[in-house]
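Coordinate inspection notes
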Amino acid sequence: MSLLTNVMDHSLDDGYAEAAARKKADGSGGMPKTLRAKLGLAAGLVLAALVVTVGAAQARVAAPVVAKEREELVDRIEGETSAADELEKSVDELRDDVDARRREALEESGDGDRSDLVGILSGAVEVHGPGVKLVVNDAKDVGTGADGQPRGTSGFSDTGRVRDRDMQRVVNGLWESGAEAISINGQRLTALSAIRAAGDAILVDNRPLVPPYTVLAVGDGERLSKGFQDSADGVYLHVLEESYGIRTAISVADDLKLPAAPSVIVRTAQPITEKGTS
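Residues numbered from 1 in each chain as written. Predicted model: local features only at pLDDT ≥ 70, side-chain atom pairs only at ≥ 80, totals over all residues. Heavy atoms only, no water.

**Things to note about the sheet that holds strand 5 (residues 201-204)**
Formally: Two strands form a pair only when DSSP identifies at least two bridges running between them. Helix and strand labels come from DSSP, where a helix needs a run of H or I of at least four residues and a strand needs a run of E of at least two; each type is numbered from the N terminus. Fitting a line to C-alpha atoms yields each axis, with helices limited to the stretch in contact; the angle taken between N-to-C directions then spans 0 to 180 degrees.
If you trace the three strands from one edge of the open sheet to the other, you get 4-5-6, paired in antiparallel fashion. The sheet is open, and its two edges are formed by strand 4 (195-198) and strand 6 (207-209), each paired on a single side. Averaged over neighbouring strand pairs, the angle between their axes works out to 45° when direction is ignored. Sheet analysis places strand 4 next to strand 5, joined by four bridges and oriented antiparallel.

**Details of a negative patch on the surface**
The line we're drawing: Candidate patch residues must exceed 30% relative accessible area and have no salt bridge, after which like charges are joined if within 9 Å and Val, Leu, Ile, Met, Phe, Trp or Tyr side chains if within 5 Å. Here the open area of atoms and residues is found with the Shrake-Rupley method and a 1.4 Å probe, where only the protein chains shown may cover a residue. What makes a salt bridge here is a side-chain nitrogen of Lys or Arg within 4 Å of a carboxyl oxygen of Asp or Glu, nothing more. Charged residues are defined narrowly, with Lys and Arg counted positive, Asp and Glu counted negative, and His plus the chain ends left uncounted. Charged side chains are reduced to one point each, which is NZ for Lys, CZ for Arg, CG for Asp and CD for Glu.
Taken together, Glu69, Glu71, Glu72, Asp75 and Glu78 make up a surface patch of like negative charges. Positionally, glutamate 71 belongs in helix 3 (residues 35-107).

**Some remarks on the packing of helix 5 (residues 164-176) against helix 7 (residues 232-244)**
Relative placement of two packed helices is described by the angle separating their axes and the distance separating the axes. Counted only if it meets this: By convention, the crossing between two helices is left-handed when the near helix turns anticlockwise from the far helix through less than a right angle, and right-handed when the turn is clockwise. Note on contacts: a residue pair qualifies if any of its non-hydrogen atoms lie within 4.5 Å across the two residues. Three classes are used, and their members are as follows: Ala, Val, Leu, Ile, Met, Phe, Trp, Tyr, Cys and Pro are nonpolar, Asp, Glu, Lys and Arg are charged, and the others, Gly among them, are polar.
In the contact formed by helix 5 and helix 7, the axes pass within 8 Å of each other and the chain directions differ by 145°. You can see that helix 5 and helix 7 cross each other, and the crossing is left-handed. Residues Arg165, Asp166, Arg169, Val170, Asn172, Gly173 and Glu176 of helix 5 form the contact with helix 7, whose participating residues are Ala232, Asp233, Tyr236, Leu237 and Leu240. Split into classes, the residues belonging to the contact of helix 5 with helix 7 amount to five nonpolar, two polar and five charged.

**Describing helix 7**
The line we're drawing: Here, expected helix span is obtained from the residue count minus one, scaled by 1.5 Å. For the exposure calls, accessible area comes from a 1.4 Å probe over protein chains only, and a residue counts as buried if that area is under 20% of its type's maximum, exposed if over 50%, partly exposed in between. Regarding the arc, it is the one traced by the directions from the helix axis to the C-beta atoms.
Taking 1.5 Å as the rise per residue, helix 7 with 13 residues should run 18 Å; its terminal C-alpha atoms sit 18 Å apart, in good agreement. Residues of helix 7 that are buried: Asp233, Gly234, Tyr236, Leu237, Leu240 and Tyr244. The buried side chains of helix 7 occupy one side of the element, clustering within an arc of 160° when seen end-on. Exposed side chains of helix 7 directed beyond 90 degrees from the buried face belong to Ala232 and Glu242.

**Some words on the pattern of salt bridges**
This model, assessed by the stated rule, comprises three salt bridges. For arginine 163, the salt bridge identified is with aspartate 166, shortest N-O distance 3.5 Å. In this pair, the class of arginine 163 matches that of aspartate 166, namely buried.

**Here we look at the nonpolar core**
The condition is simple: Nonpolar core, defined: a set of buried Ala, Val, Leu, Ile, Met, Phe, Trp, Tyr and Cys residues in which side-chain atoms within 4.5 Å join the residues together.
In terms of nonpolar packing, the biggest core is built from 26 residues, with Met167, Leu174, Ile182, Ile184 and Val215 touching the most fellow members. Within the residue set of this core, elements represented by two or more residues are strand 1 (127-137), helix 5, strand 2 (181-184), strand 5, strand 7 (213-218), helix 6 (221-230) and helix 7. In this structure, Val127, Ala181, Val218 and Leu258 belong to the second largest nonpolar core, which totals seven residues.

**A word on the packing of helix 6 against helix 7**
Selection criterion: Our angle categories are set so that under 35 degrees counts as roughly parallel, over 145 as roughly antiparallel, 65 to 115 as roughly perpendicular, and the remainder as oblique.
Orientation of helix 6 relative to helix 7, taken along the N-to-C sense of each, is 70°, at an axis distance of 4 Å. Classified by the interaxial angle, the pair formed by helix 6 and helix 7 is roughly perpendicular. Side by side, helix 6 and helix 7 meet where Phe228, Gln229 and Asp230 of the first sit next to Ala232, Asp233, Gly234, Val235 and Leu237 of the second. Here the residues of the contact of helix 6 with helix 7 are counted per class, giving four nonpolar, two polar and two charged.

**Quick look at a nonpolar patch on the surface**
Together, Leu47, Leu50, Val51 and Val54 make up a nonpolar patch on the protein surface, roughly 370 Å² of accessible area in all. Position of valine 51 relative to the elements: it lies in helix 3. Taking relative accessible area as the criterion, valine 51 reaches 54% and is therefore assigned exposed.

**Observations regarding the pairing of strand 1**
In terms of strand pairing, strand 1 meets strand 8 (residues 247-258) through ten bridges, oriented antiparallel. Residue pairing in the sheet places valine 132 in a bridge with valine 252 of strand 8.

**Remarks on the packing of aromatic side chains**
To keep it simple, the criterion reads: Only rings of Phe, Tyr and Trp enter the pairing, Trp through its six-membered ring, and a pair is recorded when the two centres are within 6.5 Å. The plane angle decides the type: under 30 degrees is stacked, over 60 is edge-to-face, the rest tilted. Sitting over a ring, as applied to charges here, requires NZ of Lys or CZ of Arg to be within 6 Å of the ring centre and within 35 degrees of the ring normal.
In this structure the tally under the stated criterion is zero aromatic pairs. The ring of tyrosine 236 is capped by arginine 169, whose NZ or CZ atom sits 4.2 Å from the centre of that ring.

**A closer look at unusual backbone geometry**
Of the consecutive residues proline 211 and proline 212, the connecting peptide bond is found in the cis state with omega at 0°. Assignment of secondary structure puts proline 212 in the loop between strand 6 and strand 7.

Here it is, written out as structure tokens:
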């Protein structure tokens, strides 16, 4: 209790008390004593108040300008978005018109069987028939493989994510196994199709796809399924499933319907005519 009483009675350290008393005796503590010091303090206070006032006034004046610029920027974005939507709609309409004219030209070429074959092989017409349905999906936990080991990447950091080169091998394996027409998530593949990556997305003919990736392949169903699973690309897909958790499912279908390719444009190649061969 004596220690507590001493602390209560002497709350200020003796050294601090002595320094305060000396400063007070010298006249250096408290408010400025001279007129010059007082004027300097007053000028400092006035300058600080002026800076605060000017800053507040500028902020008040700039606020409407900033709000107006933001509103104009939002309007521009909305306008450009609407214009882009209209252009995309126009492109789709033109593409449909080109496809219709192409089909009409094939039908009027005079050789019906050959025209049908050309349309099927080029992807310019819809097709249907038996085949296989192959679904490929990312692992449930795309951050880790089934064995916890890092997987070689081609730009993707997630070890359980399906990559563009995986889908390339799947498609090549199906072609090799006897597929006559293939689509991925409704995108028909042609001789001009490209499967590539943009960031973490897989693009087919510059159109982004999202998992799961549903691959439809028209052909002899049983033979196509067995041939693909026994091929090197089928084994590769099985390794992805076992090692990295990639989910796959393949089934034989009696009748599949594949859409026509959105556009099949050839700019360079020309057919060899009888006149050209003579």
